[in-house]
Protein chains: 2
Amino acid sequence: MDRTQLHAILDEALIAHVGFTASHGPVVLPMTYARIDDALYLHGAIGNDLLRHAADGVDVCATVTLLDGLVLARSAFHHSMNYRCAVVFGRAERVTDPAELRAMSVALVDHLSPGRSAEARPPTAEELRATLAIRLSLDEASVKVRTGGPVDDAEDLALPVWAGVIPTELRRGEPIADPGS
Amino acid sequence: MDRTQLHAILDEALIAHVGFTASHGPVVLPMTYARIDDALYLHGAIGNDLLRHAADGVDVCATVTLLDGLVLARSAFHHSMNYRCAVVFGRAERVTDPAELRAMSVALVDHLSPGRSAEARPPTAEELRATLAIRLSLDEASVKVRTGGPVDDAEDLALPVWAGVIPTELRRGEPIADPGS
């Protein structure tokens, strides 16, 4: 596992899909997150079901995927996608230490928009107490990457079908100010 | 659950994060997919671990998330994201019927690029036999959506901090032709 690449994927993407096993079966929820050194901090109202269980030390899998391109081959069979994906396994631990929660808040806000934590009002002690967050070590993680063009069968290369890659990227548009801002 | 909205999210997004419970714990893998009526067809080399178990009728959760914007509030605490998310629960069933696999191939290719299935070489019988695919009913699904600007506390509204939404969108770039295409 290439730790530099793992960090790069986690730092570039914005949403983790976090899976855990609930009483009725597997559940996967999107969560915001931030990386600090070799820990992933997961956070989000959407993930409350998970966060409520996390105090018990529940096994989770957090997967982060960047879609880099659509790979159009000459044959339907060889169509594919270019992507970079990080998969992190581990036991989720609820974060309760105020200093750690404060560091997490900084990392979360800067992950959305670099430098933002220096501008926004920092969390109060009350807000920190209301924050549900879990920490996941990056010790058990893997990275998968696909790059490049389509891999067609030799006998398909002469087909009169356009083949190639359509690059994809998450783009940020023009900021929309909140009224009164 | 709004079925029109569920369909719209599944048709717009390109990757599902599919969770299942392996012997060592929960696993979440990104997979390509296509929707046909009220079924989700999941497919992908990355998901082989899952697909190999799917013949046994394994419980899965397939989650699809579209990130629509970064919500920057005046306080760190109220930072958020705008998103549309579909969560589908069910028992994965391995697809083996050639006609259904053929229909799935069409849907998968057209999902990547509308109309593409009419151009690409269709799958051979041998390729269909080599295709690992699972079907998931949309009967048990939920949709979650966040839209709009930040929701700051009243006492923070006068802070000299820019607040608003940075829209985000997966954009397709200029196609890159494969050599020989």
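Residues numbered from 1 in each chain as written. Chains lettered and ligands numbered in written order. Predicted model: local features only at pLDDT ≥ 70, side-chain atom pairs only at ≥ 80, totals over all residues. Heavy atoms only, no water.

Participant: Can you break down the relation of the copies chain A and chain B residue by residue, with the values?
Facilitator: A rotation about an axis combined with a shift along that same axis relates the two copies of the chain. With an RMSD of 0.0 Å, the operation that places chain A on chain B is a rotation of 180 degrees combined with a shift of 0.0 Å along the axis. Interpreted geometrically, this transformation is the action of a two-fold axis. Looking at the rotation axis and the C-alpha trace of chain A, the residue lying nearest is Leu 170 of chain A, at 2.1 Å. Take the interface residues of chain A: 100% of them recur as interface residues in chain B, which is what a same-surface contact looks like. (Least-squares fit on C-alpha atoms with pLDDT ≥ 70 in both. Contact = heavy atoms within 4.5 Å.)

Participant: Break down the pairing of strand β3 (residues 39-43) of chain A for me, citing the residues and quoting the values.
Facilitator: Two faces belong to every sheet, and in a regular strand the side chains alternate between them. Residues and elements named next belong to chain A. With 4 of its 5 residues buried, β3 lies for the most part within the structure. Where strand β2 (residues 25-36) lies against β3, 5 bridges are found, and the strand directions are antiparallel. Note on β3: the bridge partner recorded for Ala 34 is Tyr 41. Between β2 and β3, which follow one another and run antiparallel, lie 2 residues, and Asp 37 among them has a positive phi close to 50 degrees. The pairing of β3 with strand β7 (residues 133-137) spans 5 bridges and is antiparallel. Note that in β7 the partner of Tyr 41 across the bridge is Arg 135. (Buried < 20%, exposed > 50% of the residue type's maximum accessible area, 1.4 Å probe, protein only. Helix = DSSP H or I, 4+ residues; strand = E, 2+ residues; numbered from the N terminus. Pairing = 2+ DSSP bridges.)

Participant: If you had to explain the interface of chain A and chain B to someone new, which residues and values would you point to?
Facilitator: Between chain A and chain B, the residue contacts involve 74 residues of the former and 75 residues of the latter. A combined buried area of about 6,200 Å² lies between chain A and chain B, and 65% of that area is made up of carbon and sulfur atoms. Summed over the shared surface of chain A and chain B, the number is 6 salt bridges. Broken down by secondary-structure element, the contributors of at least two residues to the side of chain A that touches chain B are β1 (15-22), β2, β4 (59-72), β5 (80-91), α3 (98-112), β9 (164-172) and β10 (176-177) of chain A. (Buried area = accessible area lost by both parts, 1.4 Å probe. Salt bridge = Lys/Arg side-chain N within 4 Å of Asp/Glu carboxyl O.)

Participant: Can you lay out the pairing of strand β7 (residues 133-137) of chain B for me, pointing to particular residues and giving the numbers?
Facilitator: Where strand β6 (residues 93-94) of chain B and β7 of chain B come together, 2 bridges link them in antiparallel fashion. Considered in β7 of chain B, the bridge of Glu 93 of chain B is made with Arg 135 of chain B.

Participant: Can you tell me about the side chain of Thr 63 of chain B, naming the residues and giving the values?
Facilitator: Structurally, Thr 63 of chain B can be placed in strand β4 (residues 59-72). At 2.7 Å, the side chain of Thr 63 of chain B forms a polar contact with the backbone oxygen of Val 28 of chain A. When residues no more than four places from it in sequence are discounted, the contact partners of Thr 63 of chain B are His 17, Val 28 and Pro 30 of chain A together with Ile 15, Ala 16, His 17, Cys 85, Ala 86 and Val 87 of chain B. (Polar contact = N/O pair within 3.5 Å; in protein donor to acceptor, adjacent residues only side chain to side chain.)

Participant: Mind laying out unusual backbone geometry, listing which residues take part and the relevant values?
Facilitator: Working note: non-glycine residues mostly have negative phi, and peptide bonds are mostly trans. Here Asp 37 of chain A, not a glycine, exhibits a phi torsion of approximately 50 degrees, which is positive. Among the structural elements, Asp 37 of chain A can be located in the loop between β2 and β3.

Participant: With reference to specific residues and values, describe the pattern of salt bridges.
Facilitator: Enumeration according to the criterion identifies 28 salt bridges over all chains in this entry. With its nearest N and O atoms 2.8 Å apart, the salt bridge here joins Arg 74 of chain A to Asp 152 of chain A. In this pair, Arg 74 of chain A sits in the loop between β4 and β5 while Asp 152 of chain A sits in the loop between β8 (140-146) and β9, placing the two residues 78 residues apart along the sequence. The class of Arg 74 of chain A is buried, set by a relative accessible area of 1%. A salt bridge links Asp 38 of chain B to Arg 3 of chain B; its shortest N-O distance comes to 2.7 Å. Taken together, the residues span a long stretch of sequence, with Asp 38 of chain B in the loop between β2 (25-36) and β3 (39-43) and Arg 3 of chain B in helix α1 (residues 3-12) at a distance of 35 residues. The class of Arg 3 of chain B is partly exposed, set by a relative accessible area of 30%. Within the structure, one salt-bridge network assembled from shared partners comprises Arg 121 and Glu 127 of chain A together with Asp 153 and Asp 156 of chain B.

Participant: Describe the environment of Arg 74 of chain B, and please don't skip the residues or the numbers.
Facilitator: Separated by 87 residues in the primary sequence, Arg 74 of chain B and Val 161 of chain B have C-alpha atoms spaced 5.6 Å apart. Within the structure, the side chain of Arg 74 of chain B is placed 3.2 Å from the side chain of Asp 178 of chain A, a separation counted as a polar contact.

Participant: Break down the environment of Asp 156 of chain B for me, with residues and values.
Facilitator: Residue and element names in this part refer to chain B. By secondary structure assignment, the location of Asp 156 is in the loop between β8 (140-146) and β9 (164-172). Asp 156 gets classed as buried once you look at its relative accessible area, which sits at 4%. Along the chain, Asp 156 and Ser 75 lie 81 residues apart, while their C-alpha atoms are 7.1 Å from each other.

Participant: Please give an account of the nonpolar core that cites residues and values.
Facilitator: Judged by nonpolar contacts, the single largest core of 68 residues is most densely connected at Leu 40 and Leu 42 of chain A together with Leu 40 and Leu 42 of chain B. Non-local contacts of Leu 40 of chain B, meaning those with residues more than four positions away in its chain, are made with Leu 10, Tyr 33, Ala 34, Arg 35, Ala 62, Val 88, Ile 134, Arg 135, Leu 136 and Leu 138 of chain B. (Core = buried A, V, L, I, M, F, W, Y, C linked by side-chain atoms within 4.5 Å.)

Participant: Can you explain the state of the cysteines? Please cite residues and give values.
Facilitator: Following the criterion strictly, the structure yields 0 disulfides over all chains and no others. Cys 85 of chain B provides the cysteine sulfur closest to Cys 61 of chain B, a residue in no disulfide bond, and the two sulfurs are 8.6 Å apart. (Disulfide = S-S within 2.5 Å.)

Participant: Please set out the side chain of Ser 75 of chain A residue by residue, giving values where relevant.
Facilitator: With respect to the helices, strands and loops of the structure, Ser 75 of chain A is situated in the loop between β4 and β5. A relative accessible area of 0% places Ser 75 of chain A in the buried class. If we ignore the near neighbours within four places in the chain, the residues touching Ser 75 of chain A are Asp 152 and Asp 156 of chain A together with Ala 120 and Arg 121 of chain B.

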